[in-house]
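Structural features, examined
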Amino acid sequence: MFKKIKIKNSTILLMGIILILMGICVVFVEHFNKRKNEAFSEMNILLYESETPSSIESEEEIDLDSNLEEDIDSPEEDTEPSLENNDSSQEEIKYNYIGLLEIPKINLKRGFLDLNSRYNKVNYNITVINGSTFPNEENNNLILAAHSGNCSVCFFDKLFNLSKDDKAYIHYNNVKYTYKLVNTYEVEKDGTVAIYRDYEKNVLTLITCTKYSDTKQTVFIFELDK
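We now turn to the structure provided with this report. (Residues numbered from 1 in each chain as written. Predicted model: local features only at pLDDT ≥ 70, side-chain atom pairs only at ≥ 80, totals over all residues. Heavy atoms only, no water.)

All right, on to the pairing of strand β10 (residues 203-209) then. The buried count for β10 comes to seven of seven residues, which makes it a mostly enclosed element. Bridge count for strand β6 (residues 141-145) against β10 is five bridges, and the pairing is parallel. Directly across from Leu-144, in β10, lies its bridge partner Leu-206. As paired strands, β10 and strand β11 (residues 216-224) are joined by seven bridges and run antiparallel to one another. Bridge assignment links Thr-208 to a residue of β11, and that residue is Thr-218. The loop that links β10 with its antiparallel partner β11 comprises six residues; one of these, Tyr-212, has a positive phi angle of about 60°. (Buried < 20%, exposed > 50% of the residue type's maximum accessible area, 1.4 Å probe, protein only. Helix = DSSP H or I, 4+ residues; strand = E, 2+ residues; numbered from the N terminus. Pairing = 2+ DSSP bridges.)

Encoded structure:
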């Protein structure tokens, strides 16, 4: 009887040690993921400051030269707008949005500005890329870029949850345009972004840095859903 009790106690002790080790592993993994996400956010901001899509080089490539050439901190009477604690209506009035991107699946609803706005920058808003054409034009391609990660301006962080045929909406000139996702692909961060799309269709292109990568960007191609 004494031996049986000893074996049972040893088993309980071993199980306790295993549970403690499992708990330590869970805490470690959560801490590691948190630090990885923080580093990812900081990395994306740094990358976008130096390599932001700015203009169309050809029908198939976007130039990745800096889109922040204009000094947004240059002395002007306008003060830098704050994005904190503002509801969407306040932001739209402050920024004078010309349109709105809406993707219900990921709860994204954010305006975009005129190309010439000094706040048409990824450090403030979803950015309209120079060379974009708008939904009211035939065979257009509206190209938008934004940060991904955990920062306050990482509006495209949840794009990676989208699947083929998911819907996106553009509100522009009092018209709501419905798009569906037809293609998603990664490209190297080498100074250009190739856009593969049907040039006989109206297209919405979204671009953001690929998660946990400092060498790739992800392109999301949507086509007008008639």
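Let's pick the thread back up.
In this description, a pair of aromatic rings is defined by centroid distance and the angle of the planes. Across all of its chains, the model carries six aromatic pairs by this definition. Centroid distance Tyr-95 to Tyr-97: 5.7 Å. Interplanar angle 25°. Geometry classified as stacked. Taken individually, Tyr-95 and Tyr-97 each receive the classification buried, so the pair is uniform in this respect. Consider the rings of Tyr-119 and Tyr-124, whose centres lie 5.0 Å apart with planes at 75°: the pair is edge-to-face. The residues Tyr-119 and Tyr-124 share a single accessibility class, namely buried. Pairwise contacts between aromatic rings join Tyr-95, Tyr-97, Tyr-119 and Tyr-124 into one cluster. The ring centre of Tyr-169 lies 4.4 Å from the NZ or CZ of Lys-176, which sits over that ring. (Phe/Tyr/Trp six-rings, centres within 6.5 Å; stacked < 30°, edge-to-face > 60°. Lys NZ or Arg CZ within 6 Å of the ring centre and 35° of its normal.)

Another aspect to go through is the state of the cysteines. Taken as a whole and assessed by the stated rule, the structure comprises one disulfide. Note on cysteine connectivity: Cys-151 is disulfide-linked to Cys-154, with sulfurs 2.0 Å apart. Where Cys-151 bonds to Cys-154 through sulfur, the torsion about that S-S bond is close to 100°, and the disulfide is right-handed. Grouping residues by exposure puts Cys-151 and Cys-154 together as buried. (Disulfide = S-S within 2.5 Å.)

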